Amino acid sequence: MVSAKAALIAGASGLVGSHCLKLLLQSPRYNKVISVGRKKLDVEHPKLQQIIVDFDNLEKHRHSLIADDVYCCLGTTIKKAGSKEKFRQVDYTYVVNLAKITSSHFATQFLVVSALGADAHSRIFYNRVKGEMEEDVKKLPFTAVHIFQPSLLLGERQELRLGEKAAEVFMKGAGFLFNGPLRKYKAIHAQTVAKAMLEAAKQDGGGVLVHPSEQMQRYA
């Protein structure tokens with residue numbers, strides 16, 4: 001029996017989002033996958049519906065943002081965004097607005113990629129923004145909120161990030177060091193995060209669940 005569920009994904013052009021989109025399209029759980037983004041993806045599939053949006057004016061698209069499970073893979077860096085304010089706009093405002101709109105349409109689950117070290121009270125700006133996003137998403141009336149906190153993400157990005165590339169080379173070479181208490185810092189492949197997201201959705205549970213990086217490694 002084919003599921004009648006619909007999935008919505010934001011950030012499908014990104015590192016985790018691109019893997020997540022592939023899995024959603026392959027999954028028998030969904031007969032419809034809505035991709036929300038600023039540009040059209042170079043992907044064609046019978047299940048796929050693409051909606052081009054301006055995230056600064058997401059409210060005007062609210063009647064198109066209807067799904068059972070919402071996968072939020074939005075994210076940037078301060079360098080790419082150009083300022084702390086722009087970074088916060090993407091990683092906090094866009095994410096929380098998407099959550100608010102989809103929860104008002106009775107979406108059941110919200111699955112969001114955050115980061116290791118997310119903490120609303122952190123002195124580190126990046127971690128604080130991620131933590132504030134988590135806290136505000138938790139308050140919304142979803143049956144389940146899944147928060148994924150990966151360590152350094154491995155995978156092929158569309159844009160080159162030299163600092164992250166150097167860290168990736170180090171992590172691959174010294175991965176054996178990240179065991180025991182250090183396991184949570186071990187780099188994780190974006191595809192593994194995507195797999196963990198889909199598996200979490202399949203549980204159809206309730207409440208707020210935080211998935212740390214070491215827990216997601218089991219899907220590697």
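Above this text sits the structure in question.
Criteria and thresholds
- Residues numbered from 1 in each chain as written.
- Predicted model: local features only at pLDDT ≥ 70, side-chain atom pairs only at ≥ 80, totals over all residues.
- Heavy atoms only, no water.
- Helix = DSSP H or I, 4+ residues; strand = E, 2+ residues; numbered from the N terminus.
- Buried < 20%, exposed > 50% of the residue type's maximum accessible area, 1.4 Å probe, protein only.
- Salt bridge = Lys/Arg side-chain N within 4 Å of Asp/Glu carboxyl O.

Caption draft 1: View of the environment of His19. Looking at the secondary structure, you find His19 in helix α1 (residues 15–26). Assessed through its relative accessible area of 18%, His19 is described here as buried. Sequence separation of His19 and Lys195 is 176 residues, and the distance between their C-alpha atoms is 8.3 Å.

Caption draft 2: Structural view of the pattern of salt bridges. As enumerated under the stated definition, the model contains nine salt bridges in all. Between Asp69 and Arg29 there is a salt bridge, with its nearest N and O atoms 3.0 Å apart. One end of the pair, Asp69, is in strand β4 (residues 69–72); the other, Arg29, is in the loop between α1 and β2 (30–37), and 40 residues separate them in sequence. Judged on exposure class, the residue Asp69 and its partner Arg29 are both buried. Between Lys138 and Glu135 there is a salt bridge whose closest N-O contact spans 3.2 Å. Here the residue Lys138 and the residue Glu135 both occupy positions in helix α4 (residues 125–138), the gap between them amounting to three residues, near one helical turn. Judged by its relative accessible area of 30%, Lys138 is partly exposed.

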